[in-house]
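Fold and contact review
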Amino acid sequence: MGLKGKGKKDKEEEKLLEEKEPEEETPAQGEDEEGGEDAGSADSGSDEESGDDEDGEGKESKGAAEEEGLFSLSRMKNALGMEDGEEDSEEAVAARAEKEKKKKRKKAVAKQERLEFKGTRTFKVAIHVLEARNLQPRDAGGKADPVCFVEVGKEKKHTKTFKKTLNCVWDQQFFFEPKLDQKGFDMGKVILRVYDADTFGRKEEIGSYELGFNYIYGQEQHDLFKKWIALTDTSGEHAGVQGFVKVSVAVLGPGDPEPSHSEEEEEDDDEGKDLNDLVLMPPDIEVQGYYLNLRIYKAEDLPKLDMFGKSDPYVKIQFAGLKPAKTQVQKKTLNPVWNEEIKLPVFTPTMSDTINVQVFDWDPAGTHDMIAQNVFYFSKILDEPFGPAWVNLYGPPLKGGLGAEKGKGADTVYKGRVLMGIEVEESDSPVLEQMEVYPCEPPPVDSYTLRCDLLEVHDMPHDGHVKLEVSVGPHRLRSKAVRTSKGGARIYEQFEDLRVSLPQDVDTIPDVFVDVYYVKVATKKRVGFLRYKPRDVLGFDRPIMWEPLLPDTDSSMYSVDLAPGFVLLRVEFGRSDDAPRDRIPLEPPDMRQYEMRAFIYQARHLIGSDASGASDPYVVVQCGSKRSQTSKKKSTRNPLWYEPLVFPVLLPEPIELAPDVHVRVYDHDRFSRNDVLGRFDVPIMDLDARWPGDPKWYPLYLNDPTDTSYGAVLASFQLIPQEKAEQVPIPDIMPKFRNCTLEASLIGLRNLPPYAMMDIQEPFVEFDVGDGSDKAKPARSKATGKPRGDNPNHLETIRMPIRMPLNPLYSSAVNVRVFDTRMKGAYTPLIGTTAIDLAQFMDYAGAEGVEAADGFGMDGAPALPPPEEFSAGAGDEDDEDEESDSDGEDRPLVDKKAKKSAKGAKKSGGADDEDDMKTLPREGKDRMQLPRELESYLDDLPYQEYPLQRGEDKRGEEGAEEQVAGTMKASFRIFAPDEDPGDSAEFMMKYRPKRVSCRVYMLRAFGLTPKDAGGGADPYVVIKYGPGKKDQINDVRHVIKEDLNPEFYQVYEFSMTIPGQSALTIQIWDWDQIGGDDLIGETVIDLEKRWFSPRWNSIRQKPIETRSLWHPTSTSSQGKVEMWLEIMEPGEARKIPRTVIGPPPPTPYELRVIVWGTDEVPLDDKKTRGLYVEAAMQGDKKPQRTDIHWQCRTGKASFNWRMKFPVDLPMKTPRFTMTLYDRDLAMLKQGTSVDMVGTAVMDLGSIFKKALRKGTSIELEQKMLEMSHPSMEGSRGKIVVSLEILPESEARNKPNGLGRKDPNQHPELPEPEGREGFNPLRVDKWIGKGIGAVLGKLKQLLITILILGVVGITVYIILWKKCIAPAPPGFPPQKC
């Protein structure tokens, strides 16, 4: 069903249809495309008028029409694959056609899955631009100089430029890190544009393609891997597909793993059995063109943005990377009328779905302000057209008065509406069009009534005058202003009915807003709001409800610590005819006295709001207008209270009208306002007088109830009528305990950052095992700064008495605080904290009826993944085509699935499939390779690591995290008094410091983030194993230029003491000739984790591990490195030499290609062609070419021509291109004498691999290779070639010449057959009219010059003789 509004062209065509004679009716199946249903109705009227005419022309016309209709029906049945026996009614065929059409359109848009998140996140967008094929030429010679630009947001990067080609391999990577909120991510896209880069002129776009973030993120690993995309020209100048680009694209959020792909996915082509298997044909992508028709009629109720209370609005449309289209600007109006249609050309399949419709206010200074925007989805428009209908606009509130739009919050304010329609129309060659259309009739309206009963406000952040406004679109109701007391007020106001005319379609009615303001004499500030869809408040029997206000984050009243409050109200909306005339008047309810009991046990994982990373928490419980609070706990994020809060409260009857119980956790600050650490609400209907039993963990939120990442509170509640309170005693909520001993074996502290701009000197650790009784005193370790203050070794065992609850629900945490000793102990600042759940050290097996504390582990670290089968003493299976040269005793065991994953991960994010040709390092062929860091497999450490937190609260900053203030390494255990704790001397001996030698074998890096302006980097390695320059190795002398996948193959050896400073940092830097070098990324290895791991020590041959690189300013991986590490005692290191590593040296080979001829080359309306072939490996500066076969009349050219190309294997981009040209001298006057006939591109990667692996020559027999042309359909003929790749040494032993030159051998090439002779004196006969015309004119010119020369000489001689007079004897001749 098309749009109901018609353009001027539609009206004219409809008028012409009405004037036609009856017999010229349109066939039943042929509706007018632009006239839509109305045009079809006109045709139906004509049928009725001609129905009585059974004779003459009418009958003959009708019979012809029926015959044509049957023919169309038959064709449609065949197209749909219907059998003769199937139902063949016109209706059945039409239904089948409609079904097929919907099926086809469903495939037109790739499936979109929307990612939903809160706040702002930093994403990593990685684009690997691999290659292009069959680009449309833009140069006069039928070539192009392609370069690909990649756009993400406002940031652009580009590949290198190739000269004079339509097929190229870029193999370049680009990385972007946009910071996006939900709206920004939904609108996010990757745009690829391929240009023809002219040296002196302006670059011309060949084509582009757009990929939406939501589509990419919705894939299995949030990536598209090696996908072909079809380029289209967004300017509309060139119709159809403009070429193909192969790309990999990934969109990753914080914490998302890098995509990894198996060896089968990485491998593009199998080893070719013959030449035809190596030819790269154009990708098989079926492209369908559409018009996306948007009709913009008018807008109403737009906001005032100009100084004089008006706006200058226009509409902007964006979709699929197309150049944005705009309507005309309507000056000085809030209700503009456009009546314009924009027809956008769209080609499917498309990976973009969002159609962005934006309304702007035009500014003569050029800084146009966006009023609002709306998003439509192309996939939905394909299924069903939209409108014409009203589209409501929403945006952030105005700030600073007129002309100052720019609010950054959510779309929380109605901004007007636009009348528009959208539909999709199939087209073979769509181009951008824009035209005027006739106005359409607005959608039908109905009378609606909006009602509101306002009873109370509660828990408002401040006391003051409060006013409410209820609105639908521009229509609103306003309450009287009331003053709050203790955050609440009883209003009981019944608004008058608001009757308005709105669309009959409820889904197009503007949302209903309830805005709450603090008002003064001349100002009002919105503190919070409610927003309802009209359908959600439809009806006049809705209950009175308490609603939590949403915060207005753009308001000056907004604070992260202050909730906007609650409103008790009833909002009703519906058609006026359905609204009851009589309304029940509002009367304040009766009140009843209750006793509120809140039992607060403990809290876990609270925000660290203080500079130390801890907090001083207390809990406030509010019910009605009354509140009570717990005691304050010092410097902890896991406080224990076990306190009952009991207070009287006055609540309404019925109790349903009472507000919920609000619980807030605060951090006490002595000199500033207390901060809110989190909150939760308990529905009043969930409470009664009965004892609730075991308490419940309530997760905390701050502003968004769905974000419960702020810890949890263990609590229970009772609500008892006051007259019955004495009958219900207050219980003792302290749980039953068992006396135990907690043992902490403290190894030391690691990587402590400076505090207050001073290095750490002599830190010590305090263990607080308070169990709520306030009797337990903290235990302390000794203070030490050895070997360094920031990495001290404590090496002591601390034992302290502790009471453990019998029920693990009440299990507490040991609060760990780290202090530094300064000024000889006079000043001991707190420099870090952590908390450790004690339940994990206590055996609660068999406990019944116990609720676990789901999701609240104290260490805050995710569990390590289960390790693969990974141990020494077993060998691994070799590949089928390789013999094992190891007995396997020294190799760890990984299952086949893990090994396969490792092979795939080796190349993920890195080079193309040609990287498979890179072998493992020498002397390391049987070394196990892991797909990730070795730490993932080492889960057997005899101690644990606990991160220390420090830093002030960052709640106001989206995505901010606490500062990590180092690590504590220790082990804990709990034992009963009757258990033997053992001797702590064994612990001291195990961790006694010793000197060790370390060797880092650095193999390669891949997928590095570019740092240079041109999208590259010059990487080198830096090794750091201590704080000073003497503790690092800077290997800048082995810098590798212009390579994002460098191969280092270096060994670095150094010594250090373990335990102690244990962090080994491997950095990759980008060298810059001018200015400072840039850090690309780093990876950190904890050497103590290796040295003290039994599993590590059992592995005799250390595995190659794949490690991600990280940058301090980014949450995304900056690439990966492959390396392995060895740690041994100095004596062992002296006995064991370093393993020799190095890249496989390049092996020289020679590629020999014989071009025998061509076949089936089309003449393209020419009588003859002068054909020759050019061939080149990618990267060759100058191609080789055959001689010319003149006067080729059949498309079968003969060359018998040898070409030789020196190549070094392995080769990164083994693309071989052969292009057939036609030389036509008759075209010289048009600026060129050469036309490209067709081209064939071969990927020689598989044959090169095979030759390199076997070390011998490989010959592929003579084959016909299919050619194609990017601007022409079908085959462009065939090139007959044979190919041989042989080692350089073998090539020297089998010499031969280029072309047919001597030595003409291996094989001997005969002279071409079937060529006509070349006679320069008979050019008209033998060369053709084109060359004959040129040489004929040259011959005439030469004859003319010759004749003129002869005549000139003769005249000169005659004149000379006449001008010389005779002279007397002995005298010279006299001149005239």
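Thresholds, definitions, all that
- Residues numbered from 1 in each chain as written.
- Predicted model: local features only at pLDDT ≥ 70, side-chain atom pairs only at ≥ 80, totals over all residues.
- Heavy atoms only, no water.
- Helix = DSSP H or I, 4+ residues; strand = E, 2+ residues; numbered from the N terminus.
- Buried < 20%, exposed > 50% of the residue type's maximum accessible area, 1.4 Å probe, protein only.
- Patch = residues over 30% accessible without salt bridge, like charges linked within 9 Å, V, L, I, M, F, W, Y side chains within 5 Å.
- Areas by Shrake-Rupley, 256 points an atom, 1.4 Å probe, with all protein chains shown as cover.
- Salt bridge = Lys/Arg side-chain N within 4 Å of Asp/Glu carboxyl O.
- Lys, Arg positive; Asp, Glu negative; His and termini not counted.
- Charge placed at Lys NZ, Arg CZ, Asp CG, Glu CD.
- Pairing = 2+ DSSP bridges.
- Axes fitted to C-alpha atoms, helices over the stretch in contact; angles between N-to-C directions.
- Polar contact = N/O pair within 3.5 Å; in protein donor to acceptor, adjacent residues only side chain to side chain.
- Contact = heavy atoms within 4.5 Å.
- pLDDT = per-residue confidence, 0-100.
- Phe/Tyr/Trp six-rings, centres within 6.5 Å; stacked < 30°, edge-to-face > 60°.
- Lys NZ or Arg CZ within 6 Å of the ring centre and 35° of its normal.

Our focus in this paragraph is the overall build of the chain. Per the secondary structure count, the chain includes 17 helices and 67 strands. Expressed as a percentage of the 1376 residues in the chain, the buried residues total 52%.

Below, the discussion takes up a positive patch on the surface. Together, K156, R202, K203, K323 and K326 make up a region of like positive charge exposed at the surface. Looking at the secondary structure, you find K203 in the loop between strand 7 (189–196) and strand 8 (204–212). Note on K203: relative accessible area 37%, which makes it partly exposed.

The strand order across the open sheet formed by four strands is 14-13-16-17, and the pairing between neighbours is antiparallel. Two strands lie at the open edges of the sheet, namely strand 14 (325–326) and strand 17 (369–377), each paired on one side alone.

Strand order across the open sheet formed by four strands is 35-32-39-38, with antiparallel pairing between neighbours. Strands at the two margins of the open sheet, each flanked by one partner only, are strand 35 (640–653) and strand 38 (696–699). The mean angle between the axes of side-by-side strands here comes to 35°, regardless of whether they run parallel or antiparallel. Looking at chain direction, strand 32 (residues 590–604) and strand 35 are connected through twelve bridges and run antiparallel. In the strand pairing of strand 35, R592 is matched with L651.

With that out of the way, let us pick up the pattern of salt bridges. Oppositely charged side chains are able to pair whenever their charged atoms sit close together. Summed over all chains, the structure comprises 69 salt bridges. Note that R476 and E469 form a salt bridge whose closest N and O atoms lie 3.0 Å from each other. E469 gets classed as buried once you look at its relative accessible area, which sits at 3%. A salt bridge links R1107 to E1105, with the shortest nitrogen-to-oxygen separation between them at 2.7 Å. Per residue, the accessibility class of R1107 equals that of E1105, and both read buried. One salt-bridge network, in which partners are shared between bridges, spans R750, E945, K969, D1086, E1088 and K1089.

The peptide bond linking L1209 to P1210 adopts the cis configuration, its omega dihedral lying at 5°. As for its placement among the helices and strands, P1210 is situated in the loop between strand 61 (1198–1209) and strand 62 (1215–1223). A cis amide bond, omega -10°, links D1302 with the succeeding residue P1303. Mapped onto the elements, P1303 comes out in the loop between helix 15 (1288–1293) and helix 16 (1323–1326). Of note, the phi angle at D1165 is positive, near 65°, even though the residue is not glycine. Structurally, the position occupied by D1165 is in the loop between strand 57 (1147–1159) and strand 58 (1169–1177). According to the relative accessible area criterion, D1165 is exposed, its value standing at 85%.

A cluster of nonpolar side chains, namely I1343, I1347, V1351, V1355 and L1359, defines an oily patch on the protein surface of about 430 Å² accessible area. With respect to the helices, strands and loops of the structure, V1351 is situated in helix 17 (residues 1329–1363).

Another point: the side chain of S1093. Counting through the fold element by element, S1093 comes out in the loop between helix 11 (1087–1091) and helix 12 (1094–1098). Its relative accessible area of 0% is what places S1093 among the buried residues. Looking at S1093, its side chain comes within polar contact range of the main-chain nitrogen of W1096, at 3.2 Å. Here S1093 is in contact with L938, D940 and L941, once residues within four sequence places are set aside.

Bringing the confidence of the model for the chain into the picture now. When pLDDT is averaged across the chain, the result is 80; 78% of the residues are at 70 or more. Contacts for the low-pLDDT stretch residues 269–273, under 50 throughout, to residues beyond four places or in other chains number ten contacts. Counted against residues more than four places away or in other chains, residues 845–924, with its pLDDT under 50, gives 173 contacts.

Here we come to the environment of P548. Tracing the chain through its elements places P548 in strand 29 (residues 545–548). Taking C-alpha positions, P548 is 10.0 Å from P659, a pair spaced 111 residues apart along the chain. The contacts of P548, once residues within four sequence positions are left out, are L530, G565 and F566.

Mapped onto the elements, D139 comes out in the loop between strand 2 (124–133) and strand 3 (146–152). In this structure D139 comes out as buried when scored by relative accessible area, which is 16%. Once the C-alpha coordinates of D139 and A197 are considered, the two residues, 58 residues apart in sequence, prove to be 9.9 Å apart. In this structure D139 touches A144, D145, K164, D196 and D198, once residues within four positions along its chain are discounted.

Tallied over the full model, the rule gives 31 aromatic pairs. Consider the rings of Y1001 and W1124, whose centres lie 4.3 Å apart with planes at 15°: the pair is stacked. Taken together, the positions of Y1001 in strand 49 (residues 994–1006) and W1124 in strand 56 (residues 1120–1128) put the pair 123 residues apart, joining distant regions of the chain. Each member of the pair, Y1001 as well as W1124, is classed as buried. Each member of the aromatic cluster is reached from another via a ring pair, and the members are F117, F123, F185, F213 and Y217. Across the ring face of Y291, the terminal group of K343 is positioned such that the distance to the ring centre comes to 4.6 Å. Positioned above the aromatic ring of W390, the side-chain terminus of R417 is 3.9 Å from the ring centre.

Moving on, we get to helix 14 (residues 1245–1254). Every buried residue of helix 14 is accounted for by G1245, S1246, I1247, F1248, K1249 and A1251. Contact partners of the buried residues in helix 14: strand 57, strand 58, strand 61, strand 63 (1234–1243), strand 64 (1258–1266) and strand 65 (1278–1287).

All right, on to the environment of F174 then. Within the element layout of this structure, F174 appears in strand 5 (residues 168–176). Overall, the relative accessible area of 0% leaves F174 in the buried class. For the pair F174 and V249, spaced 75 residues apart in the sequence, the C-alpha separation amounts to 9.6 Å.

The next point concerns the pairing of strand 57. Most of strand 57 sits out of view: eleven of its 13 residues are buried. Examined bridge by bridge, strand 57 and strand 61 share ten bridges and lie antiparallel to one another. Of the residues in strand 61, the one forming a bridge with V1153 is M1203. Of the pairings in the sheet, the one linking strand 57 to strand 65 comprises ten bridges and is antiparallel in character. Each residue of the ladder has a partner; that of T1158, found in strand 65, is I1279.

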